[in-house]
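Given next are the chains, with one letter for each unit.
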Amino acid sequence: MRLSSIPRLLGAGMLFLSAQMLSSPAAEAQPATDIMGAIRGRGMLICGVSPSTAGFALPDSQGVWRGLDVDICRAIASALLGDASRVRNVPTSVQQRFTALQSGEVDVLARNTTWTLGREASLGLAFAGISFYDGTGFMVKAASGVTSSRGLDGATVCVSPGSTTELGVADYFRQTGMRFSPLLIEDIEAMRGAFIAGRCDAYATDVSSLAAFRYAQGANGTAWRILPEVISKEPLGPAIRKGDWKFFDLVRWTLYALLTAEELGVTSQNIDQMMDSTVPEVQRLLGRTGGLGTALGVDDAWAARMIRQVGNYAEMWERNIVPIGIERGPNRLWSQGGLHYAPPMR
C-alpha cells in the first residue's frame, strides 16, 4: 500500500465510524435536551401524577396537591432546585400518561404506574425504583355477600383499558376457569361512578387505589368491601425518559435517600441534631462527607435539604397512606420484614 493512500483510508474509516455511531442504539438513546438543565431553566419540576387518588395524588380543599407520589416529586424538586414547592403537578390518565412523558409534557411520571419489562424495553422509559409495592384486587358492594374473588364467576368487572390491571384480570379468570365480562372505562371518575351505579359487579385495580376510593366515600366507605385476594404484582415507581441518565440517577437516589434516612433514623424533626452525628452513613447521607451530591450534579446538601422539607419515607407514609387505611406490609424496610432495600450511599 502506498503511504499516500493512508490519509484517504483513515478519513473514510472515520466517516464510516461516525455514521455507525449516529445510527447505533446508544446514539439514538441520547436525549434531545438536558432534562436537569431544562428544569433549572424554568425553575419548576413538572410531575405527572394520578388524578383523584387519595393518599397518592389529590388536591386538598385549598387546591394544594398532597400524597405519596406528590411528595416524591417534592423531594426531587428540593434536591435539584432547593425548594420542595417548585413542582407543577399534571394529572395524567392511564391512556395518555406515557405519551405525556415521551413528549416531554412532564419531566417525571410519579403516579400509580407499574414497572414492567414491556414498558421499559418498548416505550423508551426508565423506572428509577419502586416507591410502593402493590397488587391488583377487587372491590364489591358489601351487600352483595361476595367475600372472595372466587365468588365472581360470571361477574361484570369495571377495569381501566390499557392497564396492567386489564391484563391481570383476564389472566386470573382464565387461570381459575371462571367467566367474566369486562366493562372498560378510561376515566377514573366515570369508572367509579359506573361501579357505584351498579353497572358492574366488581371494580378491579391496584389495592391502593381501591383503598383510596373507599376512603373518599367517608362514612359510606363501609358499603364497599375489598376482597382479600391480591392477584398480581404491581411494583409502582417513578419513571423518566431514557437517555438523560444524570437525571435518572438523581430520581433514583432521591428515592433511595428517603429510605436510607428512615433506616438511619434521620427525620425532618431531628435532622439538625443528626447533622452532628459521628455515624459514617449519616455523615454521607447529610453531605458532611463523601461529596455524593457532586456526582449527581447537585450540591452535597441535597439529601439533608429534602429530608428537612419533605421528611423520610416513613414520614411520607404516615402523612399520606395511614389515613386511607393501608397496612405497610411489604412496604416496610427490609430490616423490618418488608421489601424496601436501598443500596449503600457511598
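Fair warning: this is a prediction, and the values are worked out from it, not measured in the lab. (Residues numbered from 1 in each chain as written. Predicted model: local features only at pLDDT ≥ 70, side-chain atom pairs only at ≥ 80, totals over all residues. Heavy atoms only, no water.)

What follows is about the pattern of salt bridges. Opposite charge on two side chains makes pairing possible when the charged atoms of those side chains draw close. Evaluated as defined, the whole model comprises nine salt bridges. Between R66 and D60 there is a salt bridge, with its nearest N and O atoms 2.8 Å apart. Residue D71 is joined to R74 by a salt bridge in which the shortest nitrogen-to-oxygen separation is 2.9 Å. One end of the pair is D71 and the other is R74, both in helix α4 (residues 68-81) and three residues apart, which spans about a single turn. One network of salt bridges, with partners in common, ties together D71, R74 and R319. (Salt bridge = Lys/Arg side-chain N within 4 Å of Asp/Glu carboxyl O. Helix = DSSP H or I, 4+ residues; strand = E, 2+ residues; numbered from the N terminus.)

What follows is about helix α9 (residues 207-216). Regarding α9, the residues found buried are S208, S209, L210, A211, A212 and F213. Packing partners of the buried residues in α9 comprise β7 (132-134), β8 (136-141), α8 (188-196), β11 (202-206), β12 (224-226) and β13 (234-236). G218 lies just past α9 and shows a positive phi near 60 degrees. (Buried < 20%, exposed > 50% of the residue type's maximum accessible area, 1.4 Å probe, protein only. Contact = heavy atoms within 4.5 Å.)

Right, let's talk about the packing of aromatic side chains for a bit. Following the criterion strictly, the structure yields 16 aromatic pairs and no others. Centroid distance F173 to F180: 4.5 Å. Interplanar angle 25 degrees. Geometry classified as stacked. In this structure an aromatic cluster arises from ring pairing among F56, F132, Y313 and W317. The lysine or arginine in question, R328, covers the ring of W317, its NZ or CZ lying 5.7 Å from the ring centre. (Phe/Tyr/Trp six-rings, centres within 6.5 Å; stacked < 30°, edge-to-face > 60°. Lys NZ or Arg CZ within 6 Å of the ring centre and 35° of its normal.)

The next subject is the domain arrangement of the protein chain. Considered domain by domain, the protein chain is made up of domain 1 (35-133 + 236-325) and domain 2 (136-232). A C-alpha centroid distance of 30 Å is found between domain 1 and domain 2. Counting from both sides, the interface comprises 17 residues of domain 1 and, opposite them, 15 residues of domain 2. Taken together, the two surfaces of domain 1 and domain 2 that pack against each other cover about 1,200 Å², and 54% of this comes from carbon and sulfur. Inspection of the region where domain 1 meets domain 2 yields zero salt bridges. Summed over the shared surface of domain 1 and domain 2, the number is six residue pairs in polar contact (both at pLDDT 80 or more). (Domains from an automatic or database assignment. Buried area = accessible area lost by both parts, 1.4 Å probe. Polar contact = N/O pair within 3.5 Å; in protein donor to acceptor, adjacent residues only side chain to side chain.)

Here the focus is unusual backbone geometry. Unlike most non-glycine residues, S52 shows phi in positive territory, near 55 degrees. Relative to the elements of secondary structure, S52 occurs in the loop between β1 (45-49) and β2 (58-59).

The subject of this paragraph is the state of the cysteines. Across all of its chains, the model carries two disulfides by this definition. Across the disulfide, C158 is cross-linked to C200 (sulfur-sulfur distance 2.0 Å). Linking C158 and C200, the disulfide has an S-S dihedral of approximately -100 degrees and is accordingly described as left-handed. With C158 in strand β9 (residues 155-159) and C200 in the loop between α8 and β11, this residue pair connects regions lying 42 residues apart in the sequence. According to the relative accessible area criterion, C200 is buried, its value standing at 4%. (Disulfide = S-S within 2.5 Å.)

What follows is about the side chain of N312. Within the element layout of this structure, N312 appears in the loop between α14 (302-310) and α15 (313-320). A residue is classified by how much of its surface remains accessible, and N312, at 3% relative accessible area, is buried. Setting aside residues no more than four positions away along its own chain, N312 makes contact with L258, A261, E262, V266 and T267.

To continue, consider the UniProt feature "domain: Solute-binding protein family 3/N-terminal" (unreviewed entry) in the protein chain. Within this numbering scheme, the UniProt entry marks residues 44-274 as carrying the feature "domain: Solute-binding protein family 3/N-terminal" (unreviewed entry). From the first C-alpha to the last, residues 44-274 spans 29 Å; its make-up is 35% helix and 23% strand. (UniProt positions renumbered as here; feature names shortened; annotations may be inferred.)

In terms of residue burial, β9 counts as a mostly covered element, since four of its five residues are buried. In the sheet, β9 pairs with strand β10 (residues 180-184) via five bridges, with the strands oriented parallel. When the bridges of β10 are listed, T156 appears paired with S181. For the segment spanning β9, helix α7 (residues 164-176) and β10, crossover handedness is right-handed. (Pairing = 2+ DSSP bridges. Right-handed = clockwise from strand over helix to strand, strands pointing away.)

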